[in-house]
Amino acid sequence: MKSEASTIQVYHDVVPSENYDQTEGFIPRWRDAEEFIEDVTHNIWGKVEGVETLVKEAENLKEQYPTRYIYPSTMLWNGDNNTGYHVSRLISIKIKYKHTPEIDSELGEAADGKEARYWCISHCVIKDGVIIREWKMVDNRSLHGQLGVVSRDISRKWAEQWLRDRMDPEKSESSHLSWLASEFQRVQNTQKIVDNFYINLHNVGSAVRPLYEFIARRVAGLYQRVWGKEGLWSRDNFKLLIKEVYHPFARFESPQTYGSDLTGWEDLYGLYDTFVFGNKEGKGLAMSLDWIILNPGNDTRKVLSNGAKHNCWRYPLSTDIDRQLELEKHFVDSDLVSESFTMAIRWTLAGYLKQTDPSVLVPVVLMAESHLECAGFRILREITVYDSVAVDAQIQLTTDIVHDVSAF
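Described below are features of the structure shown in this document. (Residues numbered from 1 in each chain as written. Predicted model: local features only at pLDDT ≥ 70, side-chain atom pairs only at ≥ 80, totals over all residues. Heavy atoms only, no water.)

## A few points about the overall build of the protein chain
Right, on to step 1. For the protein chain, the count of helices and strands is 12 helices and 12 strands.
Right, on to step 2. Burial status across the protein chain gives 50% buried among its 408 residues.
Right, on to step 3. In the protein chain, once contacts between residues fewer than 6 apart in sequence are set aside, the share between residues at least 24 apart is 68%.
Right, on to step 4. Carbon together with sulfur atoms contributes 49% to the accessible area of the protein chain, which is approximately 19,400 Å² in total. (Helix = DSSP H or I, 4+ residues; strand = E, 2+ residues; numbered from the N terminus. Buried < 20%, exposed > 50% of the residue type's maximum accessible area, 1.4 Å probe, protein only. Contact = heavy atoms within 4.5 Å. Areas by Shrake-Rupley, 256 points an atom, 1.4 Å probe, with all protein chains shown as cover.)

Right, dumping it as structure tokens:
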């Protein structure tokens, strides 16, 4: 369901670091965004004040998942205290479910005692040491599958609840359907803007920002073409663009892969057939890259224009050599940037799904976040998280419940 944007103050007795450098916007118990978010992650059940709904949800989670392990993986951040520090954290969560009759849980008694492990990405915005907004992407389909729960039944319940909230005069304006409608329009409007994404590089030294801007725009731009209107237009387009930005032996994991990962171009081609907007099922597609974070690696790039032998793994095709030479042509200090880097891209896809009846089009908003491990100019590994159960709820709302959502 919708990830709420909320203001939370988290209190913990954390000893201030001796190396605290007065990073703008952080009270002395934390040095920077990285230390702040690590502490909050590991003390997630601390005393929280600010939003009653989130506090209640946290209390319910403790009851339903008394055994709950959080394994933080990649964490990327950028920004400043004016725009907000953006922190994207990839987390693997392991739980054991406990059915609690007093809590209105959609999972049911049949899931009692079962275990699951699934991906989550939390994207926070922090100002003055406080989380002011959060987007949380959870692979609910994987969670439900491991607990033996039928996701389609849950997605229908969500759709029915969304509709009740939308029809309630007291909840209508803040309802999930109202939010979906505003997101749909926002993303559709971005297609009217050329070069419609921004990359904040405040976490990168000012001397090398133009170089990383060049590299990040190359990768992010191609990524948008793969998963946006151009790539999903046809399977041939999708295959060509996959070969442009993914490594020949890239690994890929998302809700489409059901807990396993794909390896190599041939496996990735099949994503076109299983993606919700793929297989020519989408119409009027628009994709917004809402926030991009780049974290440089610790290595350096060779200067290939002086005859140095290239790394065949990181530059597998002649086109990769051409891109590196283009970088060197534009920047005399190209060897100052790393050959490996990691990116987080929070993105939203909005469009219509075709139905058997050509007069019926289902509006769908898909919100996702991707963590990309890259080398050279290619993606080596991708983990993308989005809630396909919420996507199914949007589809059922139109096809099974009200048939026409234009009024909402």
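Structure shown, so let's carry the discussion forward.
## What to know about the state of the cysteines
Right, on to step 1. The final tally for this structure, using the stated rule, is 0 disulfides.
Right, on to step 2. Looking at Cys-120, it has no disulfide partner, and the nearest cysteine sulfur is the one in Cys-124, 9.6 Å off.
Right, on to step 3. We classify Cys-120 as buried; its relative accessible area is 4%. (Disulfide = S-S within 2.5 Å.)

## A closer look at the sheet that holds strand S4 (residues 84–96)
Right, on to step 1. Strands sit in the order S3-S4-S5-S6 across an open sheet of 4 strands; the sheet is antiparallel. Edge positions in the open sheet fall to strand S3 (67–80) and strand S6 (130–138), since each of these has one partner strand only. The sheet shows a mean angle of 20° between the axes of neighbouring strands, direction not considered.
Right, on to step 2. Sheet topology places S4 next to strand S5 (residues 115–127); 12 bridges connect them, and they run antiparallel. Looking at S5, one finds that Arg-89 is bridged to Ser-122. (Pairing = 2+ DSSP bridges. Axes fitted to C-alpha atoms, helices over the stretch in contact; angles between N-to-C directions.)

## Concerning the environment of Ala-159
Right, on to step 1. Note on placement: Ala-159 falls in helix H4 (residues 151–167).
Right, on to step 2. Taking the C-alpha atoms as reference points, Ala-159 and Gln-394, 235 residues apart in sequence, are found 6.6 Å from one another.

## Some remarks on the pairing of strand S11 (residues 361–375)
Residues in a regular strand project their side chains so that they alternate between the two faces of the sheet.
Right, on to step 1. Counting buried positions along S11 gives 12 out of 15 residues, so the element sits mostly inside the fold.
Right, on to step 2. Bridging between strand S10 (residues 340–354) and S11 involves 15 bridges; their strand directions are antiparallel. Opposite Leu-349, over in S11, you have Leu-366 as the bridge partner.
Right, on to step 3. What sits between S10 and S11 in their antiparallel hairpin is a turn of 6 residues.

## Re the packing of helix H6 (residues 209–227) against helix H11 (residues 318–330)
Right, on to step 1. Where H6 meets H11, the closest approach of the two axes is 10 Å, and the angle between their N-to-C directions is 145°. The two elements H6 and H11 cross, and the hand of that crossing is right-handed. Judged by residue contacts, Leu-211, Phe-214, Ile-215, Arg-218 and Leu-222 of H6 engage Arg-323, Glu-326, Leu-327 and His-330 from H11.
Right, on to step 2. Considered class by class, the residues forming the contact of H6 with H11 number 5 nonpolar, 1 polar and 3 charged. (Left-handed = near helix turned anticlockwise from the far one by under 90°. Nonpolar A, V, L, I, M, F, W, Y, C, P; charged D, E, K, R; others polar.)

## Some points on the packing of aromatic side chains
Right, on to step 1. Considering all chains together, one arrives at 13 aromatic pairs under this definition.
Right, on to step 2. Relative to Tyr-71, the ring of Tyr-69 has its centre 6.4 Å away and its plane inclined at 35°; by these criteria the two rings are tilted.
Right, on to step 3. In this structure Tyr-71 comes out as partly exposed when scored by relative accessible area, which is 33%.
Right, on to step 4. Here the aromatic rings of Trp-77 and Tyr-85 are separated by 5.8 Å at their centres, their planes lie at 50°, and the arrangement is tilted. (Phe/Tyr/Trp six-rings, centres within 6.5 Å; stacked < 30°, edge-to-face > 60°.)

## Quick notes on the pattern of salt bridges
Right, on to step 1. One pass over the structure, following the stated rule, counts 15 salt bridges.
Right, on to step 2. The partner of Glu-326 in a salt bridge is Arg-218, and the shortest N-O contact between them spans 2.7 Å. In this pair, Glu-326 is assigned in helix H11 and Arg-218 in helix H6, connecting sequence segments 108 residues apart.
Right, on to step 3. Between Arg-378 and Asp-320 there is a salt bridge, and its shortest N-O distance comes to 2.8 Å. Here Arg-378, found in strand S12 (residues 378–386), pairs with Asp-320, found in helix H11; they are 58 residues apart in sequence, far enough to count as distant. (Salt bridge = Lys/Arg side-chain N within 4 Å of Asp/Glu carboxyl O.)

## Here we look at the environment of Lys-62
Right, on to step 1. Inspection of the secondary structure puts Lys-62 in helix H2 (residues 52–64).
Right, on to step 2. Lys-62 gets classed as partly exposed once you look at its relative accessible area, which sits at 44%.
Right, on to step 3. Spatially, the C-alpha atom of Lys-62 lies 9.7 Å from that of Lys-98, the residues being 36 residues apart in sequence.

So far we have only geometry, and geometry alone does not tell us how the molecule works.
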